[in-house]
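# Examination of the molecular architecture
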Amino acid sequence: MGDWWAQWLKNIEWSKSLPLDTLDILLVLALTYMILVLISERRTLWMVRGFIILMLVSALIDNSEFTRLKFVLEKLVIGCAVAMAVALQSEFRRFLEQLGRGEFRQLFQPSNLAVPKADSVIDEIVDAVRELSKNRIGALLIIETTGQIDERDFSVPGVKLNANVSKELIQTIFQPKTLLHDGATLLRGSRIVASGIILPLSGRTASRQLGTRHRAAMGITERVENCICVVVSEETGSISLAERGTLNRPLTITKLKESLETRLSPSVDREAVASDLFSLGRRIRNKALKMISHLPGLSSTASRDKK
């Protein structure tokens, strides 16, 4: 009788802690989901997954006797967290801004960014750049890759256009006699969002052969990771591609097209990741409710309720 009483008390204590453990797991899943929503680049996503696995391993051995391994893993988790905060500063900044503005719903909604199609939009860009390079007309194109750019990263936002991407329109914008030819043009998916954008210049030491357009392309890609810039030199007609503050030059038209197809192709389906996380959360919740229903005293109550 005494053993049964002790076992019953133990089950009561366990049943009290079970809802808290379930809530803890659901909160961790929700936080993980919000982070994955903000990230869509495959390479970055694998880095986040690796960090999550590292945290799970550290949590599993927290109560073990492996004191040295636990110490090393704790320090490794802290170091990786700092490194990710530096590498993903734009994503974390957007996360904190949305959190500070109280936009909690947007934290759980993947951005509906239309990714350019390789057989249409990229061909229009390449054809326009070919003609601009041939005629030695300077140009600067900002192309979003995995998310929208915050206009506050620009020195001057420019003039809104919201037009379809076409080689004729791109060539017209950068004609020397037009009012918008000096600034940059922003491309989002299959749309030309704005032109005449003034960008912050890079503070890095660069070659004297690089003009303002090249330094502006380096500057915006240093500040914003989810974009690339295509630059056409006005003096030589050479083509350059800026990414993460690095300038690749000179490029041929074939190499430019290959680079655009690689960087603008869909990298990961975030909605599939989100559905997987939600299904995992539902499975955990259903199992937890099933376990609670089998606890002493709860099953009889549930049967009375059904009656």
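Here's what I pulled together on the structure shown here. (Residues numbered from 1 in each chain as written. Predicted model: local features only at pLDDT ≥ 70, side-chain atom pairs only at ≥ 80, totals over all residues. Heavy atoms only, no water.)

## Re helix α8 (residues 212-223)
The end-to-end C-alpha separation of α8 is 17 Å, in line with the 16 Å expected for twelve residues at 1.5 Å each. The set of residues buried in α8 consists of Arg 213, His 214, Ala 216, Ala 217, Met 218, Gly 219, Ile 220 and Thr 221. Among the structural elements, β1 (139-144), β5 (227-232), β6 (239-243) and β7 (246-251) are those in contact with the buried residues of α8. (Helix = DSSP H or I, 4+ residues; strand = E, 2+ residues; numbered from the N terminus. Expected span 1.5 Å × (residues − 1). Buried < 20%, exposed > 50% of the residue type's maximum accessible area, 1.4 Å probe, protein only. Contact = heavy atoms within 4.5 Å.)

## Concerning the pattern of salt bridges
Per the counting criterion, the structure on display carries eight salt bridges. Where Arg 213 meets Glu 234, a salt bridge forms, and the shortest distance between an N and an O atom there is 3.3 Å. Of this pair, Arg 213 sits in helix α8 while Glu 234 is found in the loop between β5 and β6, placing the two residues 21 residues apart along the sequence. Judged by relative accessible area, Arg 213 falls into the buried class, the value being 15%. Looking at Glu 234, the relative accessible area reads 47%, which means it is partly exposed. (Salt bridge = Lys/Arg side-chain N within 4 Å of Asp/Glu carboxyl O.)

## Re the side chain of Asp 153
Along the chain, Asp 153 falls in the loop between β1 and β2 (159-164). Residue Asp 153 is classed as buried on the basis of its relative accessible area, which comes to 6%. Setting aside anything within four residues of it in sequence, one finds Asp 153 in contact with Arg 93, Pro 200, Ile 220, Arg 223 and Val 224.

## Digging into the environment of Leu 187
Relative to the helices and strands, Leu 187 is located in strand β3 (residues 184-188). Classification of Leu 187 as buried rests on a relative accessible area of 1%. Residues Leu 187 and Asn 162, 25 residues apart in the sequence, show an inter-C-alpha distance of 9.3 Å. Sequence-distant contacts of Leu 187, defined by excluding residues within four places in its chain, comprise Ile 125, Leu 141, Ile 142, Ile 143, Glu 144, Val 165 and Ile 192.

## Re helix α6 (residues 121-134)
Side chains that are three or four residues apart share a direction in an α-helix, a result of its 3.6 residues per turn. Compared with the 20 Å implied by 1.5 Å per residue over 14 residues, the 20 Å span of α6 between its first and last C-alpha is a close match. Considered for burial, the residues of α6 that qualify are Val 121, Ile 122, Ile 125, Val 126, Ala 128, Val 129, Leu 132 and Ser 133. The buried residues of α6 occupy an angular sector of 165° when the element is viewed end-on, so they sit on one face. In this structure, the buried residues of α6 make contact with β1, α7 (167-173), β3, β5, β6 and α9 (253-264). In the stretch just after α6, Arg 136 is the one whose phi turns positive, near 55°. (Arc of directions from axis to C-beta.)

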